[in-house]
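# Structural overview for review
Below are the chains, spelled out letter by letter.
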Amino acid sequence: MKSIVIIILLSICHTGFSQIYENDTMSMTFSQLVSYKIDYEKFRRDAELDPERYSKSRDSAYSAYIAQCNMIKSKPDQYLRYIDFALQRTELSDQHILYNFVDMTKPFNANKYLISKRVLYMAIKYILLVQNDDVLPEYLR
């Protein structure tokens, strides 16, 4: 009897925690957006140094970045609701994400390249969904 109760409790707990905030699709969409932005910045820099080798990679990264921005902008109500709900969470300020390309082979100040997820969500909301800009700015101040 105890084992049946334990199995039932474990199965109920699993479904309750299956949609952890960080693993939801919209949060992953925003993380992927920033990843595409960073890839584009990297290949843009590389293409300036060696255009023959990196121009296709730069263009491909830019296309992926634009596509991700357009995907978010295609459902503004859905993403605005999600962002408004997420901004109510205080722990979002404690979670940080890399926002700019960093050449890891050189010393760098991490504070210059990291932003809180709260700031990222506010930037996505204002820049992509309210102002309807094509892409996020290279740097956030």
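Presented here is a report on the structure given in the accompanying data block. (Residues numbered from 1 in each chain as written. Predicted model: local features only at pLDDT ≥ 70, side-chain atom pairs only at ≥ 80, totals over all residues. Heavy atoms only, no water.)

### Side note on the overall build of the chain
In plain terms, the rule: Counting from the N terminus, the helices are the DSSP runs of H or I reaching at least four residues and the strands are the DSSP runs of E reaching at least two. Only protein chains enter the accessibility calculation, which uses a 1.4 Å probe. A residue is then buried if its area is under 20% of the maximum for its type, exposed if over 50%, and partly exposed in between. Contacts were defined at the residue level, with two residues in contact if any of their heavy atoms lie within 4.5 Å. Only the protein chains shown count as cover for residues, and all accessible areas are computed by the Shrake-Rupley method using a 1.4 Å probe.
When helices and strands are tallied, the chain shows 6 helices and 2 strands. Helices (α) and strands (β) of the chain occur, in sequence order from the N terminus, as α-α-α-α-β-α-β-α. The buried share of the chain, reckoned over its 141 residues, is 31%. Of the contacts made within the chain by residues no fewer than 6 positions apart, 66% connect residues no fewer than 24 positions apart. If you sum the accessible surface of the chain, you get close to 9400 Å²; carbon and sulfur atoms cover 57% of it.

### Some thoughts on the packing of helix H2 (residues 25-49) against helix H4 (residues 76-86)
Just so we agree on the cut-off: Note on method: axes are straight lines fitted to C-alpha atoms, helices fitted across the in-contact stretch only, with angles between N-to-C directions ranging 0 to 180 degrees. Any angle from 65 to 115 degrees is called roughly perpendicular, while one under 35 is roughly parallel, one over 145 is roughly antiparallel, and all others are oblique. Throughout this entry, Asp, Glu, Lys and Arg are counted as charged residues, while Ala, Val, Leu, Ile, Met, Phe, Trp, Tyr, Cys and Pro are counted as nonpolar. The remaining residues, Gly among them, count as polar.
For the pair H2 and H4, the least separation of the axes is 11 Å and the interaxial angle reads 100°. By the angle between their directions, the pair H2 and H4 is classed as roughly perpendicular. Between H2 and H4, the residues in contact are Met 26, Ser 27, Thr 29 and Phe 30 and Gln 78, Tyr 79, Tyr 82 and Ile 83, respectively. Residue classes in the contact of H2 with H4 are distributed as 5 nonpolar, 3 polar and no charged.

### Quick word on the environment of Ser 93
Its place among the elements puts Ser 93 in the loop between H4 and strand S1 (96-98). The exposure class assigned to Ser 93 is partly exposed, which follows from its relative accessible area of 30%. In sequence terms Ser 93 and Arg 118 are 25 residues apart; their C-alpha atoms lie 5.2 Å from each other. Excluding anything up to four places from it in sequence, Ser 93 contacts Ser 116 and Arg 118.

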